[in-house]
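Here is how the chains run, residue by residue.
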Amino acid sequence: MDLHNGKPFWPTLQQHKTLFPKLKSSISCDVLIIGGGIAGTIMARMLSDYQLKTVLLEKDEIGSGSTAANTGLLQFSNDEFLVDLIDSIGEEKAVYFYKLCLKALDELDKYHSYLPSPADFNRVDSLYYASSDRHAKKLKNEFEALQKHGFAADFLDQRAIESLYSFRAPCGIYTKNEVEVNPYKFAHALAAHSHDLGVDLYEHTEVLSHRFTDNELYFETEYGQVKAKHVIYATGYATQEFAKTKGALLERTYTIATEPIESFDGWHNRSLIWETNRPYYYLRTTADRRILIGGLDTSFNKEDMLETTSTKLLDKLHSMFPNIQTSIANEWSSVFASSKDGLPFIGQHPKYKGVYFMLGYGGNGTVYNMVAADILKDLILYNYHPAMMITSLKR
Ligand SMILES: Cc1cc2nc3c(=O)[nH]c(=O)nc-3n(C[C@H](O)[C@H](O)[C@H](O)COP(=O)(O)OP(=O)(O)OC[C@H]3O[C@@H](n4cnc5c(N)ncnc54)[C@H](O)[C@@H]3O)c2cc1C
């Protein structure tokens, strides 16, 4: 499955894409991570702090999967409203999960601060606006739930939004201290740092088959076998067989990056912006003064309409920001997967001991990956994490 089509923006900024050799001999390790996207590289960085011999195999290049297409808006709020999550899994679990996402932003910040090369990681504000009057009440309820449970947020009414932005919306939730990042650069930097800390990484090394015994797991690649005690599948949306059995929804989503812009007139603090419609439009700016806007998701089975959809995204941008006139520099369509309940799949395979999945399905995939790294590290070391039932593969 091609994870993206067109020309994702982030890889165009980077010169050296291959960092690590191909595996050419047989090796053994405590933990094998399959997949070198943002999930696998966060996991590698997490395990590098522990006495575990860790190996990561990537079939292509680090970050070349969905991570290259990822727009890098990292927020604690999920695609699933807190009020809806409370309805579906109960208040205690829902609030705990939201708190894990909030903590994940600080954990990612910490990892970023140790990196020898920065990845355009900034703490920024975010506006979550009501797409219609019909959604205003729901957003107000959401704000009250966030407040009740101690999440810092401000409520903006229509006038407040109009005074800060050049578009209108009935109301919005404004949060601070969220994150924007170049996820592709971040994955590369995390991979390089993990390597410095003792993780062995290999690129252009596909896991072709596996064999599990009671105590050991074996993986075949073109030139060598890997024997491991634990394996983490950080294989993203390509984990098709598994995704199908869990009824995950596969869609196609579209994104454009504009040419650099001089003035962000009508865009308060260059905040992240998203809305309550599903599928939603989402927007951010970049370190080199571009705008990324994404949305207009369709079923994966429908034809890829990259060109016409890109024009619609640009029209939407111009309608929200009439004072910003710009053109498209890059456009890409991508596979996007979400789960039915809006939660990621993180945990041990129901049948095979030592086999774990790290599937951050949903618009918050990168934040979920940080949550996942903590859960899986604890499952490997202690066989327990308090969130393991919330994200379990058995649900
Ligand atoms: C357009 C778009 C925008 C997004 N924006 C955001 C956002 O703003 N914020 C957010 O939090 N999330 C966002 N997401 C979600 C987020 O991108 C993904 O959750 C995340 O990037 C996926 O990372 P990953 O490492 O799980 O997958 P991938 O990046 O796809 O990595 C999986 C890797 O596994 C490798 N692999 C697969 N099979 C094998 C094998 N057999 N052997 C070896 N290697 C293998 C692949 O080559 C690939 O590199 C977005 C997603 C898309 C598509």
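Calculation notes
- Residues numbered from 1 in each chain as written.
- Predicted model: local features only at pLDDT ≥ 70, side-chain atom pairs only at ≥ 80, totals over all residues.
- Heavy atoms only, no water.
- Helix = DSSP H or I, 4+ residues; strand = E, 2+ residues; numbered from the N terminus.
- Rg over C-alpha atoms; globule rule 2.2 N^0.38 Å.
- Buried < 20%, exposed > 50% of the residue type's maximum accessible area, 1.4 Å probe, protein only.
- Areas by Shrake-Rupley, 256 points an atom, 1.4 Å probe, with all protein chains shown as cover.
- Lys, Arg positive; Asp, Glu negative; His and termini not counted.
- Charge placed at Lys NZ, Arg CZ, Asp CG, Glu CD.
- Phe/Tyr/Trp six-rings, centres within 6.5 Å; stacked < 30°, edge-to-face > 60°.
- Lys NZ or Arg CZ within 6 Å of the ring centre and 35° of its normal.
- Salt bridge = Lys/Arg side-chain N within 4 Å of Asp/Glu carboxyl O.
- Pairing = 2+ DSSP bridges.
- Axes fitted to C-alpha atoms, helices over the stretch in contact; angles between N-to-C directions.
- Parallel < 35°, antiparallel > 145°, perpendicular 65-115°, else oblique.
- Contact = heavy atoms within 4.5 Å.
- Nonpolar A, V, L, I, M, F, W, Y, C, P; charged D, E, K, R; others polar.
- Near = heavy atom within 4 Å.
- Polar contact = N/O pair within 3.5 Å; in protein donor to acceptor, adjacent residues only side chain to side chain.
- Domains from an automatic or database assignment.
- Buried area = accessible area lost by both parts, 1.4 Å probe.

What am I meant to see in the overall build of the chain here?
Secondary structure summary: the chain contains 10 helices and 18 strands in total. Relative to the globule expectation of 21 Å for 395 residues, the C-alpha radius of gyration of the chain, 21 Å, shows essentially globular dimensions. Across the 395 residues of the chain, 57% fall into the buried class. Here the chain has roughly 16900 Å² of accessible surface; of this, 47% comes from carbon and sulfur atoms. Positive and negative side-chain charges of the chain, numbering 41 and 49 respectively, have mean locations separated by a distance of 3 Å.

For this particular structure, what's the right way to read the packing of aromatic side chains?
Describing an aromatic ring pair means giving the distance of the ring centres and the angle of the ring planes. Evaluation of the coordinates by the stated rule reveals 22 aromatic pairs. Aromatic side chains Tyr237 and Phe336 sit 6.1 Å apart centroid to centroid with 75° between the ring planes, which places their arrangement in the edge-to-face category. Remark: Phe336 occurs in strand E16 (residues 328-338) and Tyr237 occurs in the loop between strand E11 (225-233) and helix H8 (240-245); sequence separation between them is 99 residues. Judged by relative accessible area, which is 11%, Tyr237 ranks as buried. Among the residues examined, Phe336 registers a relative accessible area of 16% and is labelled buried. Where Trp267 meets Phe321, the ring centres are 4.5 Å apart and the plane angle is 10°; that geometry is what we call stacked. Of this pair, Trp267 sits in the loop between strand E12 (249-258) and strand E13 (272-275) while Phe321 is found in the loop between helix H9 (306-320) and E16, placing the two residues 54 residues apart along the sequence. The residues Trp267 and Phe321 share a single accessibility class, namely buried. Cluster of aromatic residues (ring-pair linked, three or more members): Tyr129, Tyr165, Phe167, Phe264, Trp267 and Phe321. One Lys or Arg, Arg211, reaches over the ring of Tyr218 and ends 4.4 Å from the middle of that ring.

Hey, could you run me through the pattern of salt bridges in this one?
Opposite charge on two side chains makes pairing possible when the charged atoms of those side chains draw close. Under the criterion given, the structure shown has 17 salt bridges. In this structure, Lys110 engages Glu107 in a salt bridge whose closest nitrogen and oxygen atoms are separated by 3.5 Å. With Lys110 and Glu107 both in helix H4 (residues 91-114) and three residues apart, this pair spans about one turn of that helix. The closest approach of N and O atoms between Asp341 and Arg395, which form a salt bridge, is 2.6 Å.

Looking at this model, I keep getting lost on the pairing of strand E5 (residues 122-129). Mind explaining?
Working note: regular strand, side chains alternate between the two faces of the sheet. The buried fraction of E5 amounts to six of the eight residues, a majority that puts the element mostly inside the structure. Strand direction decides the pairing type here: E5 and strand E7 (residues 171-180), joined by seven bridges, are antiparallel. Bridge pairing in E7 links Arg123 to Val179. Where E5 meets E13, four bridges bridge the pair, whose relative direction is parallel. Bridge pairing in E13 links Leu127 to Ile273.

Whenever I open this one, the packing of helix H1 (residues 38-47) against H4 confuses me. Can you help?
Packed helices, taken two at a time, are described by the angle between their axes plus the distance between the axes. Interaxial distance between H1 and H4 falls to 12 Å at its minimum, and their mutual angle equals 75°. By the angle between their axes, H1 is roughly perpendicular relative to H4. Judged by residue contacts, Ile42, Arg45 and Met46 of H1 engage Leu108, Tyr111 and Tyr114 from H4. For the contact of H1 with H4, the per-class residue count stands at five nonpolar, no polar and one charged.

I would appreciate a short explanation of the site of the ligand in the present structure.
Neighbouring residues of the ligand: 39 residues in total, closest Glu58, Ser66, Thr67, Leu73 and Thr366. At 3.0 Å, a side-chain N or O of Thr71 approaches a nitrogen atom of the ligand. Those elements that provide at least two residues to the shell around the ligand are H1, helix H2 (66-69), strand E4 (73-74), E12, E16 and helix H10 (365-382). For the shell around the ligand, a count of residues per class yields 15 nonpolar, 21 polar and three charged. Looking at which domains feed residues into the shell around the ligand, each of domain 1 (4-11 + 19-70 + 184-245 + 342-382) and domain 2 (74-180 + 247-339) supplies at least three.

Teacher, can you tell me more about the domain arrangement of the chain here?
How large an interface is tends to be reported as the accessible area lost when its parts come together. Domain parsing of the chain yields domain 1 (4-11 + 19-70 + 184-245 + 342-382) and domain 2 (74-180 + 247-339). Carbon and sulfur atoms make up 67% of the area that domain 1 and domain 2 hide from each other, which totals about 3500 Å². Summed over the shared surface of domain 1 and domain 2, the result is one salt bridge. Put simply, domain 1 and domain 2 have 12 residue pairs in polar contact (both at pLDDT 80 or more) between them. The set of elements that each furnish at least two residues to the side of domain 1 that touches domain 2 consists of strand E1 (4-6), H1, helix H7 (183-196), H8 and H10.

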